[in-house]
Amino acid sequence: MRIIFMGTPEFAVASLSALLEAGENVVAVVTVADKPAGRGQKVQESAVKKFALSRGIPVLQPDKLKDPDFINALAAYQADLQVVVAFRMLPEVVWNMPPKGTVNLHASLLPQYRGAAPINHAVMNGERETGVTTFLLQHEIDTGNILLSERVSIEADDTAGDIHDKLMYVGAELLVKTVQLIREDKHHEIPQASIADEQKLKHAPKIFKDDCKIQWERPVEEVYNFIRGLSPYPAAFTVFQGKTLKIFACRPLKGPVLPEKEPGSIVTDGKHYLRFTTRDGYLDVLQLQLEGKKKMSVEEFLRGARFE
């Protein structure tokens, strides 16, 4: 079975690697165009491109997915199946091209957490469980018929980064099973509507910088979930002496809060601990990064910090 793989970040590399290890015939890879990044604006290749080239797999990097030259190049590979992992929204002319369709791996238990940031939102909402789902693409994003899913627990101190790494490998295994079932025509499709009607759906829209500002007036448990759901990226932040202060690791401490302390006030001994007040407790910061500085422990930060 001829397969075209579409993906961009490290999360997708695990799936591509697993397919190759399972002996699947990946004839080409589609990924984003190279682009400048970082302070030096050096041109960067995607993680998927680097891996594909190391395995001698041809790579397509279209600027526009409806470009006729790209469509013709894609069609020339005569793929039986396309596989998508952490890529971008595909036009119908692309996802409807192969006879066996296009399979997508999504980092949630669909129909829950449809959208661009399922891992972040699941942790931010304090979920105790999430998972991965394979499904067939159709017109509306993340709504196609489900093929397989696998559940993964979220521990009380897991960050979005921790769950990303768990789902990356669980998802890779699930994708291999899915492709094998499709090749053998043993797969079963479950319409999402049959599940969605029985559940109150939560969504996972793309997260922008303004969405990452910490609201200290919230309960401490909610603030804690918010911070770990955005760690390590894009990172929750507050403002400290006019500069952005990102928080990556912390722990919640239940109150009572001193009555004179407004939410967001700092409590510190200047050496070992830095705490922010919330509605009903304190957020004990463990790892942080001040604008223009490197990521550091709270003890390192306090050695150079000055409080008014």
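Here is what the cut-offs are and how they apply
Residues numbered from 1 in each chain as written. Predicted model: local features only at pLDDT ≥ 70, side-chain atom pairs only at ≥ 80, totals over all residues. Heavy atoms only, no water. Helix = DSSP H or I, 4+ residues; strand = E, 2+ residues; numbered from the N terminus. Buried < 20%, exposed > 50% of the residue type's maximum accessible area, 1.4 Å probe, protein only. Contact = heavy atoms within 4.5 Å. Areas by Shrake-Rupley, 256 points an atom, 1.4 Å probe, with all protein chains shown as cover. Lys, Arg positive; Asp, Glu negative; His and termini not counted. Charge placed at Lys NZ, Arg CZ, Asp CG, Glu CD. Pairing = 2+ DSSP bridges. Axes fitted to C-alpha atoms, helices over the stretch in contact; angles between N-to-C directions. Salt bridge = Lys/Arg side-chain N within 4 Å of Asp/Glu carboxyl O. Polar contact = N/O pair within 3.5 Å; in protein donor to acceptor, adjacent residues only side chain to side chain. UniProt positions renumbered as here; feature names shortened; annotations may be inferred. Phe/Tyr/Trp six-rings, centres within 6.5 Å; stacked < 30°, edge-to-face > 60°. Core = buried A, V, L, I, M, F, W, Y, C linked by side-chain atoms within 4.5 Å.

Caption draft 1: A look at the overall build of the chain. Secondary structure assignment for the chain yields 9 helices and 15 strands. Counting only residues that meet the buried cut, the chain has 46% of its 308 residues in that class. Of all intrachain contacts in the chain linking residues separated by at least 6 positions in sequence, the fraction that spans at least 24 positions is 65%. For the chain, the computed accessible surface area is about 15800 Å², with 50% contributed by carbon and sulfur atoms. Distance from the positive charge centre (38 side chains) to the negative charge centre (40 side chains) of the chain: 6 Å.

Caption draft 2: Quick peek at the sheet that holds strand E8 (residues 129–136). Spatially, E5-E2-E1-E6-E7-E8-E9 is the arrangement adopted by the 7 strands of the open sheet, whose pairing is mixed. Two strands bound the open sheet, and with one partner strand each, they are strand E5 (59–60) and strand E9 (146–153). Looking at chain direction, strand E2 (residues 25–30) and E5 are connected through 2 bridges and run parallel. Each residue of the ladder has a partner; that of valine 29, found in E5, is valine 59. Strand contacts of helix H6 (residues 160–183): strand E1 (2–7), strand E6 (81–85), strand E7 (102–106), E8 and E9, with the helix running at about 155° to E9, the strand carrying the most contacts.

Caption draft 3: Summary view of the side chain of arginine 228. Turning to its location among the elements, arginine 228 is positioned in helix H8 (residues 220–229). For the buried arginine 228, which has no salt bridge, the nearest side chain bearing the opposite charge is aspartate 158, at an N-O separation of 6.1 Å. Here the side chain of arginine 228 touches alanine 156 through a polar contact of 3.5 Å, landing on its backbone oxygen. Reaching out from arginine 228, the side chain makes a polar contact with the side chain of asparagine 225 at a distance of 3.1 Å. Every residue in contact with arginine 228, bar those within four places of it in the chain, is listed here: Val123, Gly126, Arg128, Ile154, Glu155, Ala156, Asp157, Asp158, Thr159 and Ala160.

Caption draft 4: Looking closely at the UniProt feature "domain: Formyl transferase N-terminal" (unreviewed entry) in the chain. UniProt annotation of "domain: Formyl transferase N-terminal" (unreviewed entry) refers to residues 1–178 when read in the numbering used here. Measuring from the first to the last C-alpha atom of residues 1–178 gives 13 Å, for a span that is 33% helix and 26% strand.

Caption draft 5: The side chain of threonine 143, seen in detail. Its place among the elements puts threonine 143 in the loop between E8 and E9. In this structure threonine 143 comes out as buried when scored by relative accessible area, which is 16%. At 2.6 Å, the side chain of threonine 143 forms a polar contact with the backbone oxygen of glutamate 140. Once you skip the residues sitting within four places of it in the chain, threonine 143 turns out to touch Arg114, Phe135, Gln138 and Gln192.

Caption draft 6: Up close: the packing of aromatic side chains. This model, assessed by the stated rule, comprises 2 aromatic pairs. Centre to centre, the rings of tryptophan 216 and phenylalanine 276 are 4.5 Å apart; their planes meet at 10°, and the pair counts as stacked. On the criterion of sequence distance, the pair formed by tryptophan 216 in the loop between helix H7 (192–196) and H8 and phenylalanine 276 in strand E13 (residues 274–277) is long-range, its members being 60 residues apart. Here tryptophan 216 falls in the buried class, since its relative accessible area comes to 6%. For phenylalanine 276, a relative accessible area of 2% puts it in the buried group. Seen in terms of ring centroids, phenylalanine 240 and phenylalanine 301 are 5.6 Å apart; in terms of plane orientation they differ by 65°. Their pairing is edge-to-face. Linking phenylalanine 240 in strand E10 (residues 236–240) with phenylalanine 301 in helix H9 (residues 298–304), this pair joins segments that are 61 residues apart in sequence.

Caption draft 7: Up close: the nonpolar core. Counting 40 residues, the largest nonpolar core has Phe5, Leu16, Leu19, Val29, Val83, Val85 and Leu167 as its most contacted members. Here the element with the most residues in this core is H6; it accounts for 10 residues. With sequence-adjacent residues up to four places away left out, leucine 167 is seen in contact with Phe11, Ala107, Ile119, Thr130, Gly131, Val132, Val152 and Ala172. Listed in part, the 29 residues of the second largest apolar core include Ala117, Phe237, Leu290 and Phe301.

Caption draft 8: Summary view of the pattern of salt bridges. What the rule picks out here adds up to 13 salt bridges. In this structure, lysine 166 and aspartate 158 form a salt bridge, with 2.8 Å as the shortest nitrogen-oxygen distance. Classification of lysine 166 as partly exposed rests on a relative accessible area of 30%. Its salt-bridge partner being aspartate 284, residue arginine 251 comes within 2.7 Å of it at the nearest N-O pair. Pair noted here: arginine 251 is in strand E11 (residues 243–254) and aspartate 284 is in strand E14 (residues 281–290), with a separation of 33 residues, a long-range link. Classification of arginine 251 by relative accessible area gives partly exposed; the value is 44%. Residue class for aspartate 284 comes out buried when judged on its relative accessible area of 3%.

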